[in-house]
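Survey of secondary and tertiary structure
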Amino acid sequence: MKNIITIALLSILFSCNQQNSDITAELQQRITNLEDKIGNAYKPGLGELMGSIQMHHSKLWFAGKAKNRKLAEFELHELKEIIADVSTFQSERKESEQIGMISPALDIIETAIKENNSPLFERSYRQLTNSCNNCHRINHYEYIIIKVPEVPVFGNQEF
Ligand code: HEC
């Protein structure tokens, strides 16, 4: 009788173990699938993000000069978003740690737009452009020189 009980208990235990290892294997497979998906997910490069920053830097100038407040605010917002993306997607690049250096200029531009203050807008825009170049210089990209734009890049947008 004792033997029968022992055998019964052992076989219950064995089947529980079997079920557990089936669940573990399934979970492991799911983790592997998720890791594959994350590994293949699209992640913008720093140069790509800089290309977007360059575009909005230019549009911000023409919107600000035209006293197109809503568009200027929109372009400023876009710039801030991409700057946040630099920290999110390119945190492993040491240059990304310095991205905050353009924030003071952006804050003054925001005030200038709000107050409809053209001289302040121009001054703070030049300050912003200088901070672009300062970061390029200290990171040995001194040949990437940003300037106040002369003509809008996009002929298909009204400022
Ligand atoms: C935190 C430092 C930093 C700041 C601030 C910064 N950049 Fe850059 N920028 C870089 C680095 C680093 C690269 C080189 C990226 C790469 O390796 O592809 C770069 C590259 C560029 C490029 C070259 C991209 C290309 O394909 O031609 C442009 C244009 C550019 N930046 C524009 C700007 C503008 C405009 C600003 C200011 C609004 C700015 N950057 C602010 C670090 C910075």
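The following paragraphs examine the structure supplied in this document. (Residues numbered from 1 in each chain as written. Predicted model: local features only at pLDDT ≥ 70, side-chain atom pairs only at ≥ 80, totals over all residues. Heavy atoms only, no water.)

1. Brief notes about the pattern of salt bridges
For the structure shown, the criterion picks out nine salt bridges. The salt bridge partner of arginine 69 is glutamate 73, with a shortest N-O separation of 3.2 Å. Here the residue arginine 69 and the residue glutamate 73 both occupy positions in helix H3 (residues 69–89), the gap between them amounting to four residues, near one helical turn. Take arginine 69: its relative accessible area is 42%, and that puts it in the partly exposed class. Overall, glutamate 73 belongs to the partly exposed group, its relative accessible area being 31%. Here arginine 93 and glutamate 95 are joined by a salt bridge, their closest N and O atoms 2.9 Å apart. For arginine 93, a relative accessible area of 29% corresponds to the partly exposed category. Residue glutamate 95 is classed as buried on the basis of its relative accessible area, which comes to 13%. (Salt bridge = Lys/Arg side-chain N within 4 Å of Asp/Glu carboxyl O. Helix = DSSP H or I, 4+ residues; strand = E, 2+ residues; numbered from the N terminus. Buried < 20%, exposed > 50% of the residue type's maximum accessible area, 1.4 Å probe, protein only.)

2. Some remarks on the coordination of the iron atom of the ligand
In the first shell of the iron atom of the ligand, the protein supplies Met50 (SD) and His136 (NE2), at 2.1 to 2.3 Å from the metal. What the six donor atoms of the iron atom of the ligand show is an angle range of 86 to 179° at the metal, which sorts the shape as octahedral. Separated by 86 residues along the polypeptide, methionine 50 in helix H2 (residues 46–65) and histidine 136 in helix H5 (residues 118–138) bring together distant segments of the chain. Using a relative accessible area of 29% as the deciding quantity, one classes methionine 50 as partly exposed. (Donors = N, O, S within 2.8 Å, 3.2 Å for Na, K, Ca; no water. Tetrahedral: all angles 85-135°; square planar, octahedral: opposite > 155°, others 65-115°.)

3. What about the nonpolar core?
Generally speaking, soluble globular proteins have nonpolar side chains that are buried together. Judged by nonpolar contacts, the single largest core of 27 residues is most densely connected at Leu60, Leu106, Ile109, Ile113, Phe121, Tyr125 and Leu128. Residue assignment for this core shows that the elements contributing at least two residues are H2, H3, helix H4 (103–114) and H5. (Core = buried A, V, L, I, M, F, W, Y, C linked by side-chain atoms within 4.5 Å.)

4. Thoughts on the site of the ligand
Close to the ligand lie 17 residues, the nearest being Met50, Arg93, Cys132, Cys135 and His136. The contact in question runs from an oxygen atom of the ligand to an N or O atom on the side chain of arginine 93, over 3.0 Å. The cavity where the ligand resides is the largest pocket. Of all the elements in the fold, those that place two or more residues in the shell around the ligand are H2 and H5. (Near = heavy atom within 4 Å. Polar contact = N/O pair within 3.5 Å; in protein donor to acceptor, adjacent residues only side chain to side chain. 1 Å grid on protein atoms, 1.4 Å probe; cavity = no way out; pocket = protein on both sides within 12 Å on 5 of 7 lines; lining within 4 Å. Sits in = over half its atoms within 2 Å of the grid points.)

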